[in-house]
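# Overview (structure and organization)
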Amino acid sequence: MTRKFIIVFVITTLFTALVVCFSWVYLSQLLRQRLLWADETASQLTNQLEYAASRAVPDLTSTRVDTTNPKALRAAITNYLHADTNLNDMLESVVGNSRIIYDAAIIDPNGVAILDTNPALNGKLVPERPRLSVLRDAGFRRQLRMLYGPATVYDVSIGLELDGQAFGRVHVGVSTVFLRNELTPKLQQAAFFSVVAIFCSLVLSAVVSNVALGPLKAIARNLDTASAGDLLPDEETSAGDEVGLVSLKIAHLGRQIRDTNQIFSALKDNVEQVMTKLQDGLMLFTRDSRVVLVSASAEKFLGRPRREILGRTAEEIFSDGTVLGAVVLPAFQKQRQLVQYEFDAADGHRVQVSLDFIQEKGTPIGALLTMRDAESVRRIEDEIEISRRLSASGRMTRGVAHEVKNPINAIVLHLQLLQNKLQQDDPDTRRHMDIIGNEIHRLDRVVQILVDFTRPRDLRLEDVDLRDILESVSVLAAPDAARHRVRVVLALPNREATNHDPTNHDPTNKKAPKEDDALMVRVDSDLMKQAILNLVLNGMQSMTAGGTLTLKARRDDEMILAEVQDQGCGIPPEAQEKIFELYFTTKGDKGGSGIGLAQTYQIMQWHYGSVEFDSIVGAGTTFRLRLPAAVAKPDRQAEMTV
């Protein structure tokens with residue numbers, strides 16, 4: 001059932017009901033008017049009979065009638081009434097000439113008929129009959145029931161005074177049979193016209209309302225077109241009537257909807273991309289605690305896919321039996337903010353949860369639940385702290401280098417002048433001068449290393465397979481591996497794990513990578529080789545008794561992961577927080593400079609990557625390098641610049 005049909009049906013019903021009401025009022029008024037006419041006719045005849053009866057009786061005081069004797073007086077009046085020809089003719093004419101009068105009579109005070117149109121009733125008691133005013137004043141439906149019910153005679157009467165005294169009454173009877181015969185044709189005619197009017201109103205209202213609502217189809221088409229975002233008629237092609245104005249407004253609204261949809265679609269895509277890349281689990285709730293937005297990372301915290309979370313309430317998602325539910329549900333019920341609550345998840349990880357309620361002009365409109373790995377947060381904080389320290393160290397180093405190099409240059413210049421003057425003097429003095437010169441040059445190299453370490457680099461980025469870089473690093477590290485009795489193993493995906501032979505430099509020994517299995521990254525190859533080589537050399541130096549050093553690589557979602565695993569002495573716990581600091585070393589007098597790991601950390605930062613490690617004292621250390629995959633690099637860079 002369409003909306004247009006409903007509207008047409010309602011309009012037609014209302015209009016028809018209105019016509020029916022008017023027809024009902026018309027018929028009721030018609031019947032009432034005819035009954036009033038009948039009452040007036042009967043009343044007029046009653047008055048005429050009363051006048052004729054009063055004229056038929058003379059002044060009895062001038063006759064021999066004993067007026068003090070009621071019986072004699074009543075007998076005399078009766079004789080006069082019976083003897084009056086005019087009165088008797090009028091009684092006969094009342095019944096004969098009127099179509100609604102049933103009978104007429106003159107009744108004495110005792111209710112006995114003196115004169116009656118039916119001579120057989122003369123001298124007899126006249127029974128009481130309902131008054132015509134009862135029929136006249138009744139409601140329409142009751143009038144119809146009384147009129148078309150059993151035949152009834154209704155009475156119209158008036159008091160009669162004879163010889164100056166009240167004497168009986170004049171009665172005129174109106175029969176419902178005569179009234180039906182009189183009124184039925186008129187009522188039938190009126191009812192016929194009423195039915196015709198109702199039918200015509202039914203048809204007319206249906207046609208008119210249908211024609212009037214005809215433009216709704218065009219408006220509906222315009223609305224569908226506007227909803228679909230298609231173009232609508234412009235102002236020149238729209239009609240000038242009200243429908244045209246509505247269509248024009250719909251066209252403008254459609255353009256606004258199309259522009260809004262485009263903005264919303266772009267915003268939705270951006271939000272989806274951001275929510276997909278977020279490491280934190282985010283859940284956005286509406287005012288009634290129903291989820292409308294979920295990040296991809298929330299799945300691992302809740303153990304449920306996003307499609308099962310969207311649209312559900314907080315009570316349906318969280319359970320009181322879990323640690324997370326026991327904390328979050330009371331906060332939702334009391335509308336209480338939750339600030340960085342930490343708990344141990346079922347998998348042993350430490351999870352940090354916060355709940356913020358969003359308000360607009362003091363009215364709550366939703367809530368934002370954030371879930372993050374507390375260990376990752378601390379790791380990021382550590383990395384930020386290390387970066388801050390490196391940045392501060394870099395600024396200080398550049399300043400110190402600038403201040404130190406100028407005196408060094410002056411000392412070197414004057415040292416050369418002294419050497420030229422002392423060429424023919426004591427050889428021991430020249431030997432001391434050479435030692436001073438060598439130490440000054442070494443100090444200059446240290447300063448230059450500091451400058452190079454803190455100077456921004458121009459990266460020569462290219463798409464390379466990380467497996468190729470690892471294989472190149474294994475070749476570069478081969479001499480040191482042989483010297484430290486270390487066996488380098490390459491455990492790369494879709495390439496057989498091989499023991500690197502330092503004496504085999506045959507380039508054909510390497511299997512070509514499959515394109516589908518490639519671990520492509522966008523990096524500066526030389527710098528990345530240097531970063532990995534620093535880890536490999538440190539691992540070899542930690543394996544004083546030899547062993548196996550394994551190089552691995554694999555894909556982890558949108559990241560490429562490289563691992564350098566050694567079997568060395570491990571990193572002491574007290575030194576693990578400092579290993580990426582510049583000039584920090586655990587090698588003591590074994591020749592460690594404390595630059596290699598700091599340089600690796602810096603190179604990974606330049607490539608939007610990260611470096612982390614696990615170490616067990618006496619068992620070895622595993623360094624993990626994470627780099628964005630080449631296909632994800634542009635988005636990653638754009639995200640980092642926001």
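See the structure shown above.
Below is a summary of the structure that appears in this document. From a predicted model like this one, the values you see are computed outputs, not experimental measurements.

Bringing the overall build of the protein into the picture now. When helices and strands are counted, the protein shows 18 helices and 17 strands. Taken across its 642 residues, the protein has 37% of its residues classed as buried. In the protein, of all internal contacts separated by at least 6 residues, the share reaching a separation of at least 24 is 60%.

Bringing the packing of helix H16 (residues 525–542) against helix H17 (residues 596–606) into the picture now. Orientation of H16 relative to H17, taken along the N-to-C sense of each, is 145 degrees, at an axis distance of 9 Å. Judged by the sense of rotation from one axis to the other, the crossing of H16 with H17 is left-handed. Here H16 contributes Leu527, Met528, Gln530, Ala531, Asn534, Leu535 and Asn538 to the contact with H17, which in turn contributes Gly596, Leu597, Gln599, Thr600, Ile603, Met604 and Trp606. For the contact of H16 with H17, the per-class residue count stands at eight nonpolar, six polar and no charged.

What follows concerns H16. Between its terminal C-alpha atoms H16 stretches 26 Å, which fits the 26 Å expected from 18 residues at 1.5 Å a residue. Here H16 has its buried residues at Ser525, Leu527, Met528, Ala531, Ile532, Leu533, Asn534, Leu535, Val536, Gly539, Met540 and Ser542. Two or three places before Asp526, at the start of H16, stands the capping residue Asp524, its side-chain oxygen 3.2 Å from that residue's backbone nitrogen.

Moving on to the packing of helix H14 (residues 466–476) against H16. At a closest axis distance of 9 Å, the pairing of H14 and H16 adopts a crossing angle of 50 degrees. Judged by the inter-axis angle, H14 sits oblique to H16. The interaxial crossing formed by H14 with H16 has right-handed handedness. For the pair H14 and H16, the contacting residues are Leu466, Ile469, Leu470, Ser472, Val473 and Leu476 in the first and Met528, Lys529, Ile532, Leu533 and Val536 in the second.

The next thing to look at is the pairing of strand E16 (residues 610–616). Within a regular strand, side chains alternate between the sheet's two faces. A large share of E16 lies buried, amounting to five of its seven residues. Where E16 meets strand E17 (residues 620–628), seven bridges bridge the pair, whose relative direction is antiparallel. Bridged to Phe613 within E17 is Phe623. Between E16 and E17, which pair antiparallel in sequence order, lie three residues; one of them, Gly618, sits at a positive phi of approximately 90 degrees.

A separate point is the packing of aromatic side chains. What the rule picks out here adds up to eight aromatic pairs. Each ring, one from Tyr102 and one from Phe178, has its centre 6.3 Å from the other, and the planes form 40 degrees; the classification is tilted. Placement of Tyr102 in strand E1 (residues 101–107) and of Phe178 in helix H6 (residues 176–212) is noted, with a sequence separation of 76 residues between them. Relative accessible area serves as the criterion here: at 29%, Phe178 is assigned to the partly exposed category.

Moving on, we get to the sheet that holds strand E8 (residues 350–360). For sheets, the rule is that strands pair by backbone hydrogen bonds, running either parallel or antiparallel. Taking strand neighbours across the sheet as the criterion, the five strands line up as E6-E5-E9-E8-E7 in an open arrangement whose pairing is antiparallel. Each edge of the open sheet is held by one strand with a lone partner, namely strand E6 (291–294) and strand E7 (338–344). Strand-to-strand twist in this sheet, taken as the mean axis angle between neighbours without regard to direction, amounts to 20 degrees. Pairing of E8 with strand E9 (residues 363–373) involves ten bridges; the strand directions are antiparallel. When the bridges of E9 are listed, Gln359 appears paired with Pro364. Each of strand E5 (281–285), E7, E8 and E9 is contacted by helix H11 (residues 323–334), which is oriented at about 15 degrees to E8, the strand it contacts most.

Criteria and thresholds
- Residues numbered from 1 in each chain as written.
- Predicted model: local features only at pLDDT ≥ 70, side-chain atom pairs only at ≥ 80, totals over all residues.
- Heavy atoms only, no water.
- Helix = DSSP H or I, 4+ residues; strand = E, 2+ residues; numbered from the N terminus.
- Buried < 20%, exposed > 50% of the residue type's maximum accessible area, 1.4 Å probe, protein only.
- Contact = heavy atoms within 4.5 Å.
- Axes fitted to C-alpha atoms, helices over the stretch in contact; angles between N-to-C directions.
- Left-handed = near helix turned anticlockwise from the far one by under 90°.
- Nonpolar A, V, L, I, M, F, W, Y, C, P; charged D, E, K, R; others polar.
- Expected span 1.5 Å × (residues − 1).
- Polar contact = N/O pair within 3.5 Å; in protein donor to acceptor, adjacent residues only side chain to side chain.
- Parallel < 35°, antiparallel > 145°, perpendicular 65-115°, else oblique.
- Pairing = 2+ DSSP bridges.
- Phe/Tyr/Trp six-rings, centres within 6.5 Å; stacked < 30°, edge-to-face > 60°.

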